[in-house]
Amino acid sequence: MSRERAIEGAIEAALERAARVPRRFRRFEVSAGTAARVHRIGEALLGEALDLGLAYEGSGADRRFDDFDLKNLGLALRIPSPAWLQVRLSAQPFNTAAVATTTYRARFQGREAGVPEAGVLEPSPRLASGVLDGTLRRLGPDVFEADLRVSAGENAADADQGAADCARELGPLPAEAARLEYHLVPDELCDDAGFVRETRLADCRAGTTYLVHVAAAAGMPVRRAGGLLLAGAFPLPHHWIEVRRGDRWLPADPLYLTILAAYGLVDADRWPSHRSVVGTVWKICDSYAGLRFLTDADGRRVKTSVRILRRWP
């Protein structure tokens, strides 16, 4: 297959997936200029996608596109867009020589920094309870630092390697995860298990919603979790499941491990979809609504950037 035909096929596949998202959930607000500047989809590529059926509203220079359509197109083509670079970064914890128990010093800063109306921000109760005692400190009206201690658990080099997987407890979930197609989903649909079941489209949040739904229907002890995937200097907000083993809950991520393996970003033999991801994630909450690091004076969530400053054993 020629490179041109491969690109055309990837665009067609991305547009077919996008078409499964009802139009009422798509917001056509992104200009061609923003598509090029932010999503790295330049004029020629945008024109090819339009010829193949990329949805838009308006006409001529006033055409507007859906942000999720463009993000997913960038993922399909693996162009150096923010969406694709984030996926590549997210593979880092799984490509280290070994998973080790680690302490992280992290900085949490409200993205409304410098906006007077934002006022003085506060750490959420979940953040305060999730860091090491006595390490949470204010550096400014909207900046905090704290230390996190993340155990390697069953994935430690000196642990029993037979305990590093969740195969028995996960049952049919890895097979269900393998049937899903990675697609960034609008917020309104991320907690809709029926949408995922019907379309087979899921990102980490929507996929977690769906797998917990499947587990509940089967009477399996599985629950959802959210927090940070400990990747690079800028860890990523992430969602996964936890499966009960005895009196413990082990983090598992059959969907994302399947996705990263399909992209060729992780070694599927080393990280099969049934393996526990303990040591690669830091849990702060159960549901998306609880994924709050900083809040304003009224307790409302404030978008927060997180940066890892130091790591040590």
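Residues numbered from 1 in each chain as written. Predicted model: local features only at pLDDT ≥ 70, side-chain atom pairs only at ≥ 80, totals over all residues. Heavy atoms only, no water.

Caption draft 1: Summary view of the overall build of the protein. Within the protein, the secondary structure is distributed over 11 helices and 15 strands. Computed over C-alpha atoms, the radius of gyration of the protein comes to 20 Å, within 12% of the 20 Å expected from 2.2 N^0.38 for 313 residues, which places it in the range of a compact globule. Counting only C-alpha atoms, the protein reaches 60 × 50 × 35 Å along its principal axes. Here the contacts in the protein between residues at least 6 apart in sequence split such that 68% fall between residues at least 24 apart. A total accessible area of about 14800 Å² is found for the protein, and carbon and sulfur atoms account for 50% of it. Averaging the locations of the 42 positively and 41 negatively charged side chains of the protein gives two centres separated by 3 Å. (Helix = DSSP H or I, 4+ residues; strand = E, 2+ residues; numbered from the N terminus. Rg over C-alpha atoms; globule rule 2.2 N^0.38 Å. Contact = heavy atoms within 4.5 Å. Areas by Shrake-Rupley, 256 points an atom, 1.4 Å probe, with all protein chains shown as cover. Lys, Arg positive; Asp, Glu negative; His and termini not counted. Charge placed at Lys NZ, Arg CZ, Asp CG, Glu CD.)

Caption draft 2: Here's a closer look at the pairing of strand β5 (residues 137-140). Summarising the sheet, β5 and strand β6 (residues 143-150) pair through 3 bridges and their orientation is antiparallel. Opposite G140, over in β6, you have V143 as the bridge partner. (Pairing = 2+ DSSP bridges.)

Caption draft 3: Representation of the environment of W282. Here W282 is to be found in strand β12 (residues 281-285). With 31 residues separating them along the chain, W282 and P251 place their C-alpha atoms 9.6 Å apart. In contact with W282, other than residues within four places in its own chain, are F108, L127, G130, V131, L148, V150, G226, G227, L228, L230, W240 and F293. Reaching out from W282, the side chain makes a polar contact with the backbone oxygen of G130 at a distance of 3.4 Å. (Polar contact = N/O pair within 3.5 Å; in protein donor to acceptor, adjacent residues only side chain to side chain.)

Caption draft 4: Focus on the side chain of R224. With respect to the helices and strands, R224 occurs in strand β9 (residues 222-229). Setting aside chain neighbours within four positions, we find R224 in contact with D191, R205, T208, T209, V212, W240, I241, D286 and S287.

Caption draft 5: Here's a closer look at the sheet that holds β9. If you trace the 4 strands from one edge of the open sheet to the other, you get β11-β10-β9-β12, paired in antiparallel fashion. Lying at the two open borders of the sheet, with one neighbouring strand each, are β11 (248-252) and β12. Mean inter-strand twist for the sheet, computed between neighbouring axes without regard to direction, equals 50°. Where β9 lies against β12, 4 bridges are found, and the strand directions are antiparallel. For L228, the partnering residue across the bridge sits in β12 and is W282. (Axes fitted to C-alpha atoms, helices over the stretch in contact; angles between N-to-C directions.)

Caption draft 6: Spotlight on the nonpolar core. Grouped together as the largest cluster of nonpolar side chains are 51 residues, with contacts concentrated most on V87 and L173. In this structure V87 touches L75, Y182, Y256, L260, Y263 and L265, once residues within four positions along its chain are discounted. One finds V131, F144, V302 and V306 within the second-largest nonpolar core, a separate group that totals 21 residues. (Core = buried A, V, L, I, M, F, W, Y, C linked by side-chain atoms within 4.5 Å. Buried < 20%, exposed > 50% of the residue type's maximum accessible area, 1.4 Å probe, protein only.)

Caption draft 7: Broad picture of helix α11 (residues 254-262). Of the residues making up α11, those classed as buried are P254, L255, Y256, L257, I259 and L260. Just downstream of α11, G264 is the residue with a positive phi angle, here 75°.

Caption draft 8: Region of the structure containing the packing of helix α1 (residues 3-19) against helix α3 (residues 43-51). Here α1 crosses α3 at 60°, and the two axes come no closer than 10 Å. With respect to α3, the element α1 is oriented oblique. In the packing of α1 onto α3, the handedness of the crossing is right-handed. Together, I7, E8, I11 and L15 of α1 and L45, E48 and A49 of α3 make up the contact between the two elements. For the contact of α1 with α3, the class distribution of residues is 5 nonpolar, no polar and 2 charged. (Parallel < 35°, antiparallel > 145°, perpendicular 65-115°, else oblique. Left-handed = near helix turned anticlockwise from the far one by under 90°. Nonpolar A, V, L, I, M, F, W, Y, C, P; charged D, E, K, R; others polar.)

Caption draft 9: Seen up close, unusual backbone geometry. Positive phi, close to 60°, is recorded for R40, a residue that is not glycine. As for its placement among the helices and strands, R40 is situated in the loop between α2 (32-37) and α3. Located in the positive-phi region is R78, a residue other than glycine, with phi close to 55°. On the basis of relative accessible area, R78 is assigned to the partly exposed category, the value being 41%.

Caption draft 10: Inspection of the packing of α1 against helix α4 (residues 67-77) at higher detail. Look at α1 against α4: their axes get within 9 Å of each other, and the N-to-C directions meet at 145°. Considering only the axes of α1 and α4, their crossing is right-handed. Here I7, A10, I11, A14, R17 and A18 of α1 come into contact with α4, specifically with D69, N72, L73, A76 and L77. Of the residues belonging to the contact of α1 with α4, the class tally is 8 nonpolar, 1 polar and 2 charged.

Caption draft 11: Inspection of the packing of aromatic side chains at higher detail. In this structure the tally under the stated criterion is 6 aromatic pairs. Relative to Y263, the ring of Y182 lies with its centre 6.5 Å away and its plane at 85°, an arrangement referred to as edge-to-face. Highlighted residues: Y182 in strand β7 (residues 181-182) and Y263 in the loop between α11 and β12, separated in sequence by 81 residues. Residue Y263 is classed as buried on the basis of its relative accessible area, which comes to 16%. An aromatic cluster of three or more residues is present, and its members are W84, Y182, Y256 and Y263. A cation over a ring is seen here: R63 above Y56, with NZ or CZ 5.3 Å from the ring centre. The ring of F68 carries the charged tip of K71 above its face, separated from the ring centre by 5.2 Å. (Phe/Tyr/Trp six-rings, centres within 6.5 Å; stacked < 30°, edge-to-face > 60°. Lys NZ or Arg CZ within 6 Å of the ring centre and 35° of its normal.)

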